[in-house]
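Observations on the model geometry
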Amino acid sequence: QVQLVESGGGLVQPGGSLRLSCVASGRTFSSYAMGWVRQAPGKEREFVAAISRGGGTTGYADSVKGRFAIARDNAKNTVHLQMNSLKLEDTAVYYCAAKPTLDYSNTYYSPAMYDYWGQGTQVTVSS
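Figured I'd write up the structure that's included with this text. (Residues numbered from 1 in each chain as written. Predicted model: local features only at pLDDT ≥ 70, side-chain atom pairs only at ≥ 80, totals over all residues. Heavy atoms only, no water.)

The next thing to look at is the side chain of Thr101. Following the sequence through the fold, Thr101 ends up in the loop between strand E9 (92-100) and strand E10 (116-117). Among the polar contacts made by the side chain of Thr101, one reaches the main-chain amide nitrogen of Asp103 at a distance of 3.1 Å. Other than its neighbours up to four places away in sequence, Thr101 contacts Ser31, Ala33, Arg53 and Tyr108. (Helix = DSSP H or I, 4+ residues; strand = E, 2+ residues; numbered from the N terminus. Polar contact = N/O pair within 3.5 Å; in protein donor to acceptor, adjacent residues only side chain to side chain. Contact = heavy atoms within 4.5 Å.)

Printed below as a string of structure tokens:
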């Protein structure tokens, strides 16, 4: 089992940047594919970005491609989401999620495929 704690959310103007971080407990962080999922008020959870166990494979929702970047540091049990050129529609609670997997290069694009979740961090884009 893994516990996830997100940080880095906040209030930012359109066009600004934020970097979200997620720290995982335990010694087996590298056994998990990781992802970021967001949920805006009144909407369902939406996939944002994913990264494989080894970090060599990443994937993004079309809505954030070219603006967001996911990365992980297995030595520090962390995964980051760098968000640039933020838009009003990026406003949401952002969740870090983990899926245990034997596959070193798979990424997962559906929120339903993740087994463990953090508590979320609020990102508000507003002028």
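The next thing to look at is the nonpolar core. Core analysis: the largest hydrophobic core is formed by 34 residues, its most contacted members being Met34, Trp36, Val79, Leu81, Met83 and Tyr94. Elements with a contribution of two residues or more to this core: strand E3 (18-24), strand E4 (32-39), strand E5 (46-51), strand E7 (68-73), strand E8 (78-83), E9 and strand E11 (121-125). (Core = buried A, V, L, I, M, F, W, Y, C linked by side-chain atoms within 4.5 Å. Buried < 20%, exposed > 50% of the residue type's maximum accessible area, 1.4 Å probe, protein only.)

Before going further, it helps to spend a moment on the state of the cysteines. The full count for this structure, using the stated rule, is one disulfide. What pairs with Cys22 in a disulfide is Cys96, and their sulfur atoms sit 2.1 Å apart. Taking the sign of the S-S torsion, -75° for the link of Cys22 and Cys96, the bridge is left-handed. Taken together, the residues span a long stretch of sequence, with Cys22 in strand E3 and Cys96 in strand E9 at a distance of 74 residues. For Cys22, a relative accessible area of 0% corresponds to the buried category. (Disulfide = S-S within 2.5 Å.)

In this section: unusual backbone geometry. It is generally the case that most residues other than glycine have a negative phi and that most peptide bonds are trans. Although it is not a glycine, Asn77 sits at a positive phi angle of roughly 55°. A positive phi angle, near 50°, is found at Ser85, a position not held by glycine. Positionally, Ser85 belongs in the loop between E8 and E9. Assessed through its relative accessible area of 41%, Ser85 is described here as partly exposed.

These results come straight from atomic positions and should not be treated as a statement about function.
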